[in-house]
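Take a look at the letters that make up each chain.
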Amino acid sequence: MSTLKHPFVTEKAMVLLENESKLQFIVDQKATKHDIKREIEKAFDQKVKSVRTIMTMHGEKKAVVSFENDKAAEEILSRLGIM
């Protein structure tokens, strides 16, 4: 089963991307920060600097991910066809 469900893209998420090069993903509720980091690094071949997790008002778990490479977040979104 995949830890990552899908990228979370809102206006606020795009501001976070532009200002801080961070991406947001909706993830499995049982996923640990370590699971999320490992899966993102494997899927996108980019080093993850940190992972913060938050529960949304809809009961979903959201991960805010920052990367070692400043351009990694934009590159990942363009690879996913979002940007």
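Everything below is about the structure printed above this text.
The rules we used
- Residues numbered from 1 in each chain as written.
- Predicted model: local features only at pLDDT ≥ 70, side-chain atom pairs only at ≥ 80, totals over all residues.
- Heavy atoms only, no water.
- Helix = DSSP H or I, 4+ residues; strand = E, 2+ residues; numbered from the N terminus.
- Buried < 20%, exposed > 50% of the residue type's maximum accessible area, 1.4 Å probe, protein only.
- Contact = heavy atoms within 4.5 Å.
- Polar contact = N/O pair within 3.5 Å; in protein donor to acceptor, adjacent residues only side chain to side chain.
- Core = buried A, V, L, I, M, F, W, Y, C linked by side-chain atoms within 4.5 Å.
- Salt bridge = Lys/Arg side-chain N within 4 Å of Asp/Glu carboxyl O.

**Examining the environment of K22**
With respect to the element layout, K22 can be found in strand β2 (residues 22-27). The exposure class assigned to K22 is buried, which follows from its relative accessible area of 18%. When the C-alpha atoms of K22 and S66 are compared, they prove to be 4.6 Å apart, with 44 residues separating the residues in sequence. K22 has contacts with A13, L16, L17, R52, V64, V65, S66 and A73, leaving out every residue within four places of it along the chain. Within the local environment of K22, its side chain forms a polar contact with the side chain of E20, the two groups lying 3.1 Å apart.

**Some points on the nonpolar core**
Membership of the largest hydrophobic core comes to 18 residues, with the highest contact counts inside it found for L4, L23, F25, I36, I40, V65 and F67. Among the elements of the structure, β2, α2 (33-44), β3 (48-55), β4 (61-67) and α3 (72-79) are those that each provide at least two residues to this core. Per element, the largest residue contribution to this core is 4 residues, and it comes from α3. F67 has contacts with S21, L23, I40, Q46, K47, V48, K49, A72, A73 and I76, leaving out every residue within four places of it along the chain.

**Regarding the environment of D45**
Within the secondary structure layout, D45 lies in the loop between α2 and β3. With 12 residues separating them in the primary sequence, D45 and M57 have C-alpha atoms 31 Å apart.

**Quick notes on the pattern of salt bridges**
Applying the stated criterion across every chain yields a total of 3 salt bridges. The residue R38 makes a salt bridge to D35 at a minimum N-O spacing of 3.0 Å. Of the two residues, R38 and D35 both sit in helix α2, 3 residues apart, roughly one turn of that helix. When its relative accessible area of 46% is taken as the criterion, R38 is described as partly exposed. Exposure remark for D35: the relative accessible area of 22% places this residue in the partly exposed category. Of the charged contacts, one joins R79 and E75 as a salt bridge, the two residues approaching to 3.0 Å between their closest N and O atoms. With a gap of 4 residues between them, R79 and E75 both fall in helix α3, about one helical turn apart.

So, to be careful, I would describe these as geometric facts and stop short of saying anything about function.
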